[in-house]
Amino acid sequence: MNQRAKIDIRHSTCPHDCPSACALDIEVIDNSTIGRVRGSKLQTYTAGVVCAKVARYAERIHHPDRLIYPHIRVGPKGSGKFARITWDDALDEIAERFNRAEREFGGESVWPYYYAGTMGLVMRDGINRLAHVKKYSRFYSTICSTIARVGFAAGTGKVAGVDPREMGLSDLIVIWGTNPVNTQVNVMTHASRARKERGAKVAAVDIYDNESMKQADIKILLRPGTDGAFACGVMHVLFREGYADRAYLERYTDCPGELEAHLATRTPQWASSISGVPVEEIEAFARKIGQTKRSFFRLGYGFTRSRNGAAQMHAALCIPTVTGAWQYEGGGAFFNNHAIWKFDESLIEGHDAIDHSTRILDQSKIGRILTGDAVALKDGPPVKAMLIQNTNPMTVAPEQALVRRGFARNDLFMVVHEQFMTETAQMADVVLPATMFMEHDDLYYGGGHQHISVGAKLVEPPGECRSNHEVLRGLSRRLKAAHPGFDMSARELIDATLRKSGHGNIEALEADIWRDLQPDFRTSHYLDGFAHVDKKFHFKADWTRVPLHNAGMMGPWDRMPSLPDHWTIIEEVDAAHPFRLATSPSRSFLNTTFNETPSSQAREGAPAVMIHPDDAATLDINDGDAVTLGNMRGETTLTARLFDGVRRGVLIAESVHPNKAHIGGHGINMLTGAEAVAPVGGAAFHDNKVWVKKAMATIPKP
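Residues numbered from 1 in each chain as written. Predicted model: local features only at pLDDT ≥ 70, side-chain atom pairs only at ≥ 80, totals over all residues. Heavy atoms only, no water.

(A) Representation of the packing of helix H10 (residues 227-240) against helix H13 (residues 268-275) in the model. Where H10 meets H13, the axes come as close as 8 Å, and the angle between the chain directions of the two elements is 165°. The angle between H10 and H13 places the two elements in the roughly antiparallel class. For the element pair H10 and H13, the recorded crossing hand is left-handed. Residue-level contacts link Ala229, Phe230, Cys232, Gly233, His236, Val237 and Arg240 of H10 to Pro268, Trp270, Ala271, Ile274 and Ser275 of H13. Grouping the amino acids of the contact of H10 with H13 by side-chain chemistry returns eight nonpolar, three polar and one charged. (Axes fitted to C-alpha atoms, helices over the stretch in contact; angles between N-to-C directions. Helix = DSSP H or I, 4+ residues; strand = E, 2+ residues; numbered from the N terminus. Parallel < 35°, antiparallel > 145°, perpendicular 65-115°, else oblique. Left-handed = near helix turned anticlockwise from the far one by under 90°. Contact = heavy atoms within 4.5 Å. Nonpolar A, V, L, I, M, F, W, Y, C, P; charged D, E, K, R; others polar.)

(B) A look at the side chain of Ser364. Looking at the element boundaries, Ser364 is found in the loop between strand S13 (360-362) and helix H18 (366-370). For Ser364, a relative accessible area of 1% corresponds to the buried category. Not counting residues up to four positions away in its chain, the partners in contact with Ser364 are Thr142, Ile143, Pro398, Ala674, Gly682 and Ala683. (Buried < 20%, exposed > 50% of the residue type's maximum accessible area, 1.4 Å probe, protein only.)

(C) The pattern of salt bridges, seen in detail. Under the counting rule described, the total for this entry stands at 47 salt bridges. In this structure, the salt-bridge partner of Arg368 is Glu675, at a minimum N-O distance of 3.8 Å. With Arg368 in helix H18 and Glu675 in the loop between strand S24 (650-652) and strand S25 (688-694), this pair connects stretches of sequence that are 307 residues apart. What makes Glu675 partly exposed here is its relative accessible area of 32%. The closest approach of N and O atoms between Arg603 and Glu604, which form a salt bridge, is 3.6 Å. Residues joined in a network through salt bridges with shared partners are Arg307, Arg368, Glu399, Glu571, Arg580, Arg633, Glu675 and Asp687. (Salt bridge = Lys/Arg side-chain N within 4 Å of Asp/Glu carboxyl O.)

(D) Highlighting the pairing of strand S22 (residues 626-631). With six of its six residues buried, S22 lies for the most part within the structure. With burial as the criterion, each face of S22 is covered, one bearing Ala626, Thr628 and Gly630 and the other bearing Val627, Leu629 and Asn631. Pairing between S22 and strand S23 (residues 634-642): six bridges, direction antiparallel. Residue Asn631 lies in a different strand from S23, and its bridge partner there is Gly634. Joining the antiparallel neighbours S22 and S23 is a turn of two residues. (Pairing = 2+ DSSP bridges.)

(E) Fine view of the sheet that holds strand S10 (residues 218-221). If you trace the five strands from one edge of the open sheet to the other, you get S10-S9-S8-S11-S12, paired in parallel fashion. Two strands in the sheet have a free side with no partner beyond their single neighbour: S10 and strand S12 (332-334). Pairwise comparison of adjacent strand axes, ignoring direction, gives a mean angle of 15° for this sheet. For strand S8 (residues 172-176) and strand S11 (residues 295-299), the ladder comprises five bridges, and the chain directions are parallel. Bridge assignment links Trp176 to a residue of S11, and that residue is Leu299.

(F) Representation of the sheet that holds strand S18 (residues 451-455). Strand order in the open sheet formed by three strands is S17-S18-S19, with antiparallel pairing between adjacent strands. Of all strands in the sheet, those bounded by a partner on one side alone are strand S17 (442-445) and strand S19 (514-516). The mean angle between the axes of side-by-side strands here comes to 15°, regardless of whether they run parallel or antiparallel. As judged from the four bridges shared by S17 and S18, these two strands associate in the antiparallel manner. Across the sheet, residue Tyr444 finds its bridge partner in S18, namely Ser453.

(G) How the structure looks around the packing of H10 against helix H14 (residues 279-290). Between H10 and H14, the shortest axis-to-axis distance is 9 Å and the interhelical angle comes to 60°. Judged on the interaxial angle alone, H14 and H10 are oblique. Once H10 is placed against H14, the crossing between them reads as right-handed. Taking contact as the criterion, the partners of Phe230, Gly233, Val234, Val237, Leu238 and Arg240 in H10 are, on H14, Ile282, Glu283, Phe285, Ala286, Arg287, Ile289 and Gly290. For the contact of H10 with H14, a count of residues per class yields eight nonpolar, two polar and three charged.

(H) Representation of a nonpolar patch on the surface in the model. A cluster of nonpolar side chains, contributed by Ile7, Ile9 and Ile29, occupies part of the molecular surface with about 220 Å² of accessible area. Within the element layout of this structure, Ile29 appears in strand S2 (residues 23-30). (Patch = residues over 30% accessible without salt bridge, like charges linked within 9 Å, V, L, I, M, F, W, Y side chains within 5 Å. Areas by Shrake-Rupley, 256 points an atom, 1.4 Å probe, with all protein chains shown as cover.)

(I) The nonpolar core, seen in detail. Core analysis: the biggest nonpolar cluster contains 178 residues, and Phe98, Trp176, Phe230 and Met386 have the highest contact counts within it. Those residues in contact with Met386 that lie beyond four places of it in its chain are Phe98, Trp111, Tyr113, Ile366, Leu370, Leu412, Phe413, Met414 and Val415. Judged by nonpolar contacts, the second largest core, of 24 residues, contains Val28, Ile61, Phe589 and Leu590. (Core = buried A, V, L, I, M, F, W, Y, C linked by side-chain atoms within 4.5 Å.)

(J) Structural detail: helix H21 (residues 468-479). End to end, H21 covers 16 Å across 12 residues, agreeing with the expected 16 Å (1.5 Å per residue, within 8%). For H21, every residue scored as buried is listed here: Asn468, His469, Val471, Leu472, Gly474, Leu475, Ser476 and Leu479. Phi for Lys480, located one or two positions after H21, is positive at around 55°. (Expected span 1.5 Å × (residues − 1).)

(K) Looking closely at the packing of aromatic side chains. The final tally for this structure, using the stated rule, is 23 aromatic pairs. With a centroid separation of 5.0 Å and an interplanar angle of 85°, the aromatic rings of Trp111 and Tyr113 are classed as edge-to-face. The residues Trp111 and Tyr113 share a single accessibility class, namely buried. Both rings, one in Trp326 and one in Phe530, keep their centres 5.7 Å apart while their planes meet at 85°; by these two values the pair is edge-to-face. (Phe/Tyr/Trp six-rings, centres within 6.5 Å; stacked < 30°, edge-to-face > 60°.)

(L) Quick peek at helix H8 (residues 186-198). The end-to-end C-alpha distance of H8 is 18 Å, a good match for the 18 Å that 13 residues give at a rise of 1.5 Å each. Where the residues of H8 are buried, they touch S8, helix H7 (180-183), strand S9 (201-206), helix H9 (211-214) and S11. Directly beyond the C-terminal end of H8, a positive phi value near 70° is found at Gly199.

This is the structure in structure tokens:
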């Protein structure tokens, strides 16, 4: 009787919105219970390491506040008053209301809305199949990676790079535009390996002295939005002091002579005046790169949060090209491996049903769309009904003042399929309980590495939770949305997608556990030419012809610099808004995932803003004071944290805390904008001008 139950170790993949897509070993205790979650040592990128928040996943999957049955609103919108309802009644109500909106305003008045709460292809992207079959408004994903991907592809011709495991073989790892200690821990695994085994140096380029920079040997502290200026100053030194590999440039690049002439006036003094980095640091950094053939540039998603982010990514990417670092093992650059997967998602997304005349609505502009902005609505009908999966726009979307107004509309019928009663779910008319990744089957790729995998169902979900795919199948029958994808189980969809993509079948991939798709060395390092038609790396970017699918040119794309430069499109400070604010990711939250787990809440504490002590002194602000930040979009109140690891005039507010955690209930995204970022759209979350003042509010006691 005292014998311990046998714990089964099963494999899976972390589904959350993180480039690491970690390979997991999960303790399965019984049919409905898991124990410890560890990074798998069987996969060479994860290499046995996983972030602390996922290691504690049992805390999340077995949380007592999980939604476990459908709810229908019985009080005023936003009141949080719901009653239990059956699944049949819930799906019938949804179908009736969607059909009513379609009859009265047309199919485009229904907008299925989603994002990357799961990165699994079936559970994330299947909602597009419903939109395509029913001719509902389509969805353009702009809230995360669009800007940086375009900047990388402008240089190389595609979004793919050096095997990220080669960081372990490098002599200098440059971590730029990412804080991997917080956001993709495995970068640090491989960088640390190079330091230990090769004596490699780690450089961090960022806008504040974050946890990754604290571990770096070389620290470059920029003003936000000035990466391009810094990159140009570095390349000026590389050319001036003979570190440019002219033979490589002549063979592999489009216009090295024109670039060198252009950079002649982009001196370290010029770069310093813009970026805030001292001249001697710019020159020392350039020399270190020039003297280190095996320099690996690990470029991150921070570039995608700025109005000039595409140009900045491109400028940073040009540095290892000037030195010819791509030629060497452990040298070159990596951002994301989007181009290597070649998944055919036609069944998952219903590509055969796409009507290209149906409008595409911009995810980031949800506030404008729901408040009737004609431009954001593409001069079409109002949005009258929504199905939301995998995202929490009431907290994470920009222009929160507009988002709140839009979601408060009594004429908007909203369905939220969720795991917890998020702030978005609280505004819904119908709330449906969702499974977590160990409770359904899905197909994954690692954006930050080179593996694909099947994440099989390991345990039964609690209560009446259903997967995204099951919900879509149930709605399709009631909405008469016919498509083969709705007739398949999740496993059948995975199998068919793998076969159509040339990746074999589901059984073969499960037998591999994680399949390594990294191209060979010559391909990964572009030694047979880059992916543009001319086989050259493009120092001169043609932003109208970047080889990346998009919904058309957006923002002031015609003003973008073609050669690397500092583009002055960022939201510059002025007399009324003397500070620049970045809303950087935290360590224990992932957007708003893990907001509900006690261990993450305890580590992050209350919402706070980092401010330089000298700036705080001029405003009579002390550590721990309540302060209000504001701009033309709105205001938020949180606590001040004095921090000398930023340039003066720069503020950092880590993580996306729930709105309700802020003093007064208005979250940080009251301050962020939704203007389309050039050249193909995006949201500039780290690019905000604000004012700061001591708040009258008192901080509530815990």
